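Report on the structure
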Protein chains: 2
Amino acid sequence: MNAHLSIAEKLTLAVRSVIPAEELQHIALHEPRFHGNEWAYVKECIDTNWVSSTGSYVNRFEQMLAEFTGIPHAVAVVNGTAALHICLKLSGVSTNDEVLMPTLSFVATANAVSYVGAIPHFVDSDRRTLGIDAVKLMDYLKEISDVRGSMIFNKRTGRRIKAVIPMHTFGHPVDLDALKEVCDHYHLTMIEDAAESLGSYYKGVHTGHQGLMSAFSFNGNKIITTGGGGAILTHNAKLAEYARHLTTTAKVPHKWEYYHDEIGYNYRMPNINAALGCAQLEQLPRFIQAKRSLADQYKLVFKDIQGVEFFEEAPYARSNYWLNVVLLHPEYADQRDELLNLSNARGVMTRPSWNPLHTLPMYAQAPKMDLSVAEELNGRIINIPSSVYDNAISI
Amino acid sequence: MNAHLSIAEKLTLAVRSVIPAEELQHIALHEPRFHGNEWAYVKECIDTNWVSSTGSYVNRFEQMLAEFTGIPHAVAVVNGTAALHICLKLSGVSTNDEVLMPTLSFVATANAVSYVGAIPHFVDSDRRTLGIDAVKLMDYLKEISDVRGSMIFNKRTGRRIKAVIPMHTFGHPVDLDALKEVCDHYHLTMIEDAAESLGSYYKGVHTGHQGLMSAFSFNGNKIITTGGGGAILTHNAKLAEYARHLTTTAKVPHKWEYYHDEIGYNYRMPNINAALGCAQLEQLPRFIQAKRSLADQYKLVFKDIQGVEFFEEAPYARSNYWLNVVLLHPEYADQRDELLNLSNARGVMTRPSWNPLHTLPMYAQAPKMDLSVAEELNGRIINIPSSVYDNAISI
Ligand SMILES: Cc1ncc(COP(=O)(O)O)c(C=O)c1O
Ligand SMILES: Cc1ncc(COP(=O)(O)O)c(C=O)c1O
């Protein structure tokens with residue numbers, strides 16, 4: 001490539017070089033694909049009058065999720081945020097507890113913690129995974145925590161630290177074994193925010209297995225979509241049953257009585273959205289293949305572009321490459337905004353990472369460790385177009 | 001009719017006599033009807049890849065709702081419960097406030113109050129409307145409340161009483177003017193739970209106009225459905241804008257930055273559900289006509305059945321007759337369960353009212369006035385089949 005091109009121009013050209021010609025008009029960051037049974041299943045819902053919750057597609061979608069991930073129980077809900085909320089509640093996180101989570105995450109991870117009256121406590125990132133750095137966390141907890149029986153407390157705030165929410169950033173699994181050690185050592189409950197990692201595996205096992213409960217999202221920008229949607233997955237049959245109860249307004253099943261035995265939520269996924277989900281799940285293996293092929297192509301074209309590095313899965317991981325990432329080299333980090341401006345102006349949609357959660361006004365006072373890696377990474381992460389392209393599969 | 005038939009048998013026969021022959025196999029309490037553009041609009045969502053939020057059907061659905069009700073601003077959300085939650089939050093109801101509401105309501109009215117940390121305070125029913133009895137409420141507030149400046153406090157609990165949520169039961173408008181007087185006198189904010197009253201008018205004005213904000217539901221059992229869905233309606237442009245912001249994760253609009261300026265929610269309605277909603281709203285005038293005609297038929301057939309009374313709209317009201325109600329005469333109230341058993345066994349779906357909210361375990365300690373009318377009515381309310389039947393229109 002021409003040495004006189006700016007890094008912004010090079011990146012734009014590199015992306016365009018791997019996208020099929022007929023898609024070059026407007027290259028979205030991530031667009032859904034509906035080329036399977038979406039149509040047929042949704043039509044069946046409408047024709048049979050079953051669009052609302054407790055429809056048969058909801059059950060089918062849950063079964064398919066359980067089969068695909070190998071996590072035996074799935075409860076389909078209105079979105080990933082609702083899934084996280086219920087996971088936290090059923091894990092016993094309550095008012096004034098602290099919950100550890102990466103500062104590099106979507107705001108929903110922290111918001112869900114607020115919904116149960118708890119406080120997010122921000123953790124730094126691992127360069128290899130973009131997720132929680134388990135070693136740094138272990139070290140930090142040694143310093144700030146006070147173990148009393150089977151509970152740990154934050155010496156600085158006096159509050160109980162109850163749980164940790166690892167998040168598999170852009171589909172890349174965090175080092176779950178290392179984190180499990182931290183959890184075991186410090187009596188922390190693990191809840192996986194697997195919103196971005198459907199189809200991602202850690203040491204051959206699907207993400208979401210290690211958490212007591214795990215939350216998935218099927219928002220419009222995710223690897224599969226139900227319009228809006230999410231799911232709670234767990235190995236624990238009792239917790240799954242309880243999740244189903246709480247998300248169905250805590251109504252006690254009865255032929256006609258409306259008896260609710262606690263404060264519940266209207267969080268179940270409607271049947272019409274689940275119908276979309278069933279059709280999408282059928283295509284998931286193909287979507288993953290296409291995404292991994294696209295990542296392979298990106299790997300090749302970015303190899304020779306100085307100043308950016310294509311982010312690859314860790315050796316133990318098999319990522320769904322949901323949203324592809326390039327990292328600007330530190331000396332080019334000041335060109336980030338120029339790069340975003342130019343690429344978007346040229347019809348190649350790119351995005352920076354989220355503003356780290358500890359920089360948002362409502363979480364600015366929340367407890368946090370040193371977050372220097374996350375802060376540094378944050379200025380360098382660029383998401384690049386990552387839709388499923390059918391040509392990508394043939395590679 | 002045969003004098004030797006039980007009241008249960010008479011009611012079952014009476015219902016069957018007004019339902020079209022081809023529908024007699026299984027007579028649901030309320031089934032949706034999708035005979036309009038549902039199919040075409042949903043297909044368009046799928047074909048254009050716009051199933052998720054921020055799609056064009058969401059805007060269109062909101063405009064149609066505003067036009068239909070005459071309430072200028074509408075914000076479409078995932079369901080009626082979410083709508084109530086946001087109405088309460090934006091009306092300034094907060095931790096430890098009390099919120100007045102009918103004990104005869106669906107549990108969501110009280111749950112939404114709990115979500116903002118406030119406490120439901122239960123109010124008795126008006127026999128003419130099945131909703132809040134404004135006169136009894138005025139009397140009660142005189143007794144228990146303490147006005148300090150522009151706030152009122154419950155003398156017994158010491159807590160502020162901030163708002164009142166009238167609910168238009170089964171579609172029947174409460175006496176809003178009388179309630180408005182109470183609100184004005186006691187500095188209470190009114191939030192209308194109009195979940196059941198789309199298409200119902202109070203003195204010629206659509207329900208939902210008097211509340212600072214009002215909540216609607218489009219659940220599968222409502223007069224129109226979006227699978228799952230709800231909306232916040234208001235005359236206040238600023239509150240509508242704020243509701244839109246809070247329900248969209250409080251994200252500050254930007255080309256690419258993810259900046260959220262407070263704790264928000266993922267509560268917006270997905271486009272595919274809004275597509276269904278647009279098609280349903282187009283048919284709403286027809287649905288209302290069919291429901292009112294069905295009510296007219298019920299009125300006739302129940303006239304001569306001793307022991308049950310068909311519940312009719314108040315003189316000032318024009319009800320959507322969403323769920324038709326018969327009231328068992330007090331001396332037959334002990335036959336309620338037999339009636340429910342027999343009619344359901346014979347394929348005529350009937351239901352009692354909700355268990356009054358003050359009898360549910362999580363609200364058993366909540367403050368309440370004398371609730372004798374609600375308790376007495378509760379044992380006598382029977383909901384009878386109320387779907388849209390096309391033959392009903394021709395009457
Ligand atoms: C990391 C993470 N957590 C939680 C969520 C919340 O999921 P949803 O948007 O379905 O509520 C998302 C997706 O938006 C996410 O990316
Ligand atoms: C009176 C009342 N309030 C609130 C709701 C909640 O609406 P949704 O079910 O859409 O959450 C309903 C309907 O279910 C209702 O009937």
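Computed from a prediction, not measured in an experiment: that's the story for all the values here.

Some points on the nonpolar core
Counting 99 residues, the largest nonpolar core has Phe61(A), Leu198(A), Phe218(A), Phe61(B), Leu198(B) and Phe218(B) as its most contacted members. No other element matches the 11 residues that helix α9 (residues 271-303) of chain A contributes to this core. Dropping the residues within four chain positions of it, Phe61(B) is found in contact with Ala76(B), Phe218(B), Ile224(B), Thr226(B), Met269(B), Ala274(B), Gly277(B), Cys278(B) and Leu281(B).

Side note on the site of ligand 2
Near ligand 2 you find 17 residues, and of these Asn266(A), Thr81(B), Glu196(B), Ser217(B) and Lys222(B) are the closest. At the site occupied by ligand 2, nearby residues are drawn from chains A and B. Contact distances for ligand 2 include 2.7 Å between an oxygen atom and a backbone N or O atom of Gly80(B). Within the contact set of ligand 2, an oxygen atom lies 2.5 Å away from a side-chain nitrogen or oxygen of Glu196(B). The protein chains hide 96% of the 380 Å² of surface that ligand 2 would expose on its own.

A look at the sheet that holds strand β9 (residues 205-206) of chain A
Residue and element names in this part refer to chain A. Pairing is antiparallel in the open sheet, where 3 strands are placed in the order β9-β8-β13. Sheet topology places β9 and β13 (317-318) at the edges, where each strand pairs with a single neighbour. Bridge analysis of strand β8 (residues 201-202) against β9 gives 2 bridges, and the strand direction is antiparallel. Pairing of Tyr201 across the sheet is with His206, part of β9.

Overview of the packing of helix α2 (residues 38-47) of chain A against helix α2 (residues 38-47) of chain B
Closest axis-to-axis distance for the α2(A)/α2(B) pair is 11 Å, and the angle between their directions is 155°. Relative to α2(B), the element α2(A) lies roughly antiparallel. Our pair here, α2(A) against α2(B), has a crossing hand that is right-handed. Between α2(A) and α2(B), the residues in contact are Glu38(A), Trp39(A), Val42(A), Lys43(A) and Ile46(A) and Glu38(B), Trp39(B), Val42(B), Lys43(B) and Ile46(B), respectively. Split into classes, the residues belonging to the contact of α2(A) with α2(B) amount to 6 nonpolar, no polar and 4 charged.

Some thoughts on the pairing of strand β6 (residues 160-164) of chain B
Residue and element names in this part refer to chain B. With 4 of 5 residues buried, β6 is to be regarded as a mostly interior element. Summarising the sheet, strand β2 (residues 98-102) and β6 pair through 3 bridges and their orientation is parallel. Opposite Leu100, over in β6, you have Val164 as the bridge partner. Linking two consecutive strands that pair antiparallel, namely strand β5 (residues 151-154) and β6, is a turn of 5 residues; a positive phi of about 80° is found at Gly158 within it. In terms of strand pairing, β6 meets strand β7 (residues 189-193) through 2 bridges, oriented parallel. Bridging from a neighbouring strand, Val164 pairs with Met190 of β7.

Thoughts on the pairing of strand β16 (residues 381-384) of chain A
Residue and element names in this part refer to chain A. In β16, alternate side chains face the same way, and those of Ile381 and Asn383 on one face and Ile382 and Ile384 on the other are all buried. For strand β14 (residues 324-328) and β16, the ladder comprises 4 bridges, and the chain directions are antiparallel. For Val326, the partnering residue across the bridge sits in β16 and is Ile382. Bridge analysis of strand β15 (residues 351-352) against β16 gives 2 bridges, and the strand direction is antiparallel. When the sheet's bridge partners are listed, Pro352 is paired in β16 with Ile382.

Concerning the pattern of salt bridges
Note on pairing: side chains with opposite charge can pair once their charged atoms come close. Inspection of the entire model under this criterion finds 44 salt bridges over all chains. For the salt bridge of Arg244(A) with Glu62(A), the shortest nitrogen-to-oxygen distance reads 3.1 Å. Highlighted residues: Arg244(A) in helix α8 (residues 237-246) and Glu62(A) in helix α3 (residues 56-69), separated in sequence by 182 residues. For Arg244(A), a relative accessible area of 32% corresponds to the partly exposed category. With relative accessibility at 6%, the residue Glu62(A) sits in the buried group. Notably, a salt bridge pairs Asp296(B) with Lys299(B), separated by 3.1 Å at the nearest N-O pair. Of this pair, Asp296(B) and Lys299(B) both sit in helix α10 (residues 284-303), 3 residues apart, which is roughly one turn of that helix. Its relative accessible area of 22% is what places Lys299(B) among the partly exposed residues. Linked through salt bridges whose partners overlap, the residues forming this network are Glu62(A), Arg244(A) and Arg268(A).

Some details on the UniProt feature "active site" (unreviewed entry) in chain A
Residues and elements named next belong to chain A. Taken from the UniProt record, the annotation "active site" (unreviewed entry) applies to Lys222. By the element assignment, Lys222 lies in the loop between β10 (213-217) and β11 (230-234). Setting aside chain neighbours within four positions, we find Lys222 in contact with His30, Ala195, Glu196, Ser217 and Trp322.

Regarding the interface of chain B and chain A
Counting residues at the interface gives 56 residues for chain B, matched by 56 residues for chain A. When chain B packs against chain A, the two sides together hide about 5,000 Å² of surface, and 63% of this comes from carbon and sulfur. Ranking the residues of chain B by area buried against chain A places Trp39(B), Trp256(B) and Tyr258(B) at the top, with a combined share of 16%. Between chain B and chain A we count 2 salt bridges in total.

What to know about the packing of α2(A) against α9(A)
Residue and element names in this part refer to chain A. Taken N-terminus to C-terminus, the directions of α2 and α9 make an angle of 155°; their axes are 8 Å apart at the nearest point. One element, α2, and the other, α9, form an angle in the roughly antiparallel class. Crossing hand, α2 versus α9: right-handed. Where α2 abuts α9, its residues Glu38, Tyr41, Val42 and Cys45 lie against Asn271, Ile272, Ala275, Leu276, Cys278, Ala279, Gln280, Glu282 and Gln283. Classifying every residue of the contact of α2 with α9 gives 8 nonpolar, 3 polar and 2 charged.

Criteria and cut-off values
- Residues numbered from 1 in each chain as written.
- Chains lettered and ligands numbered in written order.
- Predicted model: local features only at pLDDT ≥ 70, side-chain atom pairs only at ≥ 80, totals over all residues.
- Heavy atoms only, no water.
- Core = buried A, V, L, I, M, F, W, Y, C linked by side-chain atoms within 4.5 Å.
- Buried < 20%, exposed > 50% of the residue type's maximum accessible area, 1.4 Å probe, protein only.
- Helix = DSSP H or I, 4+ residues; strand = E, 2+ residues; numbered from the N terminus.
- Contact = heavy atoms within 4.5 Å.
- Near = heavy atom within 4 Å.
- Polar contact = N/O pair within 3.5 Å; in protein donor to acceptor, adjacent residues only side chain to side chain.
- Areas by Shrake-Rupley, 256 points an atom, 1.4 Å probe, with all protein chains shown as cover.
- Pairing = 2+ DSSP bridges.
- Axes fitted to C-alpha atoms, helices over the stretch in contact; angles between N-to-C directions.
- Parallel < 35°, antiparallel > 145°, perpendicular 65-115°, else oblique.
- Left-handed = near helix turned anticlockwise from the far one by under 90°.
- Nonpolar A, V, L, I, M, F, W, Y, C, P; charged D, E, K, R; others polar.
- Salt bridge = Lys/Arg side-chain N within 4 Å of Asp/Glu carboxyl O.
- UniProt positions renumbered as here; feature names shortened; annotations may be inferred.
- Buried area = accessible area lost by both parts, 1.4 Å probe.

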